[in-house]
Amino acid sequence: MKHILFIVTSTNKTGTGQHAAGYEFSEIADPYWEFIKKGYTVDFASIKGGQPPFVGYDHSQPSSKNFRASNGFKRLNFSHTLLNVDTEAYDAIFFPGGLGLMTDMLNNPLVKRVIKEVYENEKVIGAVCHGPAALLNVKLSDNRFLLEGKQINSFTQEEEDEDKHWLIDVIPFMLEDELIKQGAIFSKEKPFQKYVVSDGNLVTGQNPASASGVAQKMIELLS
């Protein structure tokens, strides 16, 4: 049995306009069911522990509706504080998107250390949509950025433009640009199309539609 740790934001506001933020609901729900169907164990940690904030719940999506009624959602709402989690016990970590983590994971020393250690121990790291923001500012033991020379994607500038997220009062920075600045080889599909990229033990997906695909690729690597 494999063990997956979802690492989730604790931030409920974003940008200078203090817009509602948190994790994007489907970006936990869809991967969760992929891992559960495979017989994996999923645990949840967040920066502050307890009940993480979410946005984007859509009851018309069966995956999300079923997750909200599941024991998994109950456990998510009692998430472990990341500081108290032994991340070495997990085979993979996963960062769901949502704008919250662009604030509380960008420069969080604990998050940077966890990602560095998981990556250098050759375990699997997945992130989707705005989740790759957590990978920014991670430096490896040789002092290079984790992202340098890596095939990566995330929510794109074109998608931000369509969602009007480019406004400074909504997002603190343009994620695509920052990933490229740290050496990522950024690729993308048309806006809101499914797209997943893997490079070694690192898996990233472009948008909410790609969340299940990220989990599927992680499962492939773990198998």
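Please refer to the structure higher up on the page.
None of the values given here were measured: they were computed from a predicted structure.

Visitor: If you had to explain the pattern of salt bridges to someone new, which residues and values would you point to?
Guide: All chains considered together, the criterion is met by nine salt bridges. The closest approach of N and O atoms between Lys181 and Glu178, which form a salt bridge, is 3.0 Å. With a gap of three residues between them, Lys181 and Glu178 both fall in helix 7 (residues 175–181), about one helical turn apart. Judged by its relative accessible area of 24%, Glu178 falls in the partly exposed class.

Visitor: Outline the packing of helix 1 (residues 26–37) against helix 8 (residues 211–222), listing residues and values.
Guide: When two helices pack together, their arrangement is given by the angle between their axes and by how far apart the axes lie. At a minimum axis distance of 8 Å, the contact between helix 1 and helix 8 shows a crossing angle of 35°. Where helix 1 crosses over helix 8, the handedness of that crossing is right-handed. Residues Ser26, Glu27, Asp30, Pro31, Glu34 and Phe35 of helix 1 touch helix 8, and the partners they reach there are Ala211, Ser212, Ala215, Gln216, Met218 and Ile219. Across the contact of helix 1 with helix 8, the residue classes tally to six nonpolar, three polar and three charged.

Visitor: Break down helix 1 for me, citing the residues and quoting the values.
Guide: The end-to-end C-alpha distance of helix 1 is 16 Å, a good match for the 16 Å that twelve residues give at a rise of 1.5 Å each. Burial of helix 1 is extensive: nine of the twelve residues sit out of reach of the surface. When helix 1 is considered as a whole, its buried residues turn out to be Ser26, Glu27, Ile28, Ala29, Asp30, Pro31, Tyr32, Glu34 and Phe35. Where helix 1 ends, the next residue or the one after it, Gly39, has phi of about 90°, a positive value.

Conventions adopted
- Residues numbered from 1 in each chain as written.
- Predicted model: local features only at pLDDT ≥ 70, side-chain atom pairs only at ≥ 80, totals over all residues.
- Heavy atoms only, no water.
- Salt bridge = Lys/Arg side-chain N within 4 Å of Asp/Glu carboxyl O.
- Helix = DSSP H or I, 4+ residues; strand = E, 2+ residues; numbered from the N terminus.
- Buried < 20%, exposed > 50% of the residue type's maximum accessible area, 1.4 Å probe, protein only.
- Axes fitted to C-alpha atoms, helices over the stretch in contact; angles between N-to-C directions.
- Left-handed = near helix turned anticlockwise from the far one by under 90°.
- Contact = heavy atoms within 4.5 Å.
- Nonpolar A, V, L, I, M, F, W, Y, C, P; charged D, E, K, R; others polar.
- Expected span 1.5 Å × (residues − 1).

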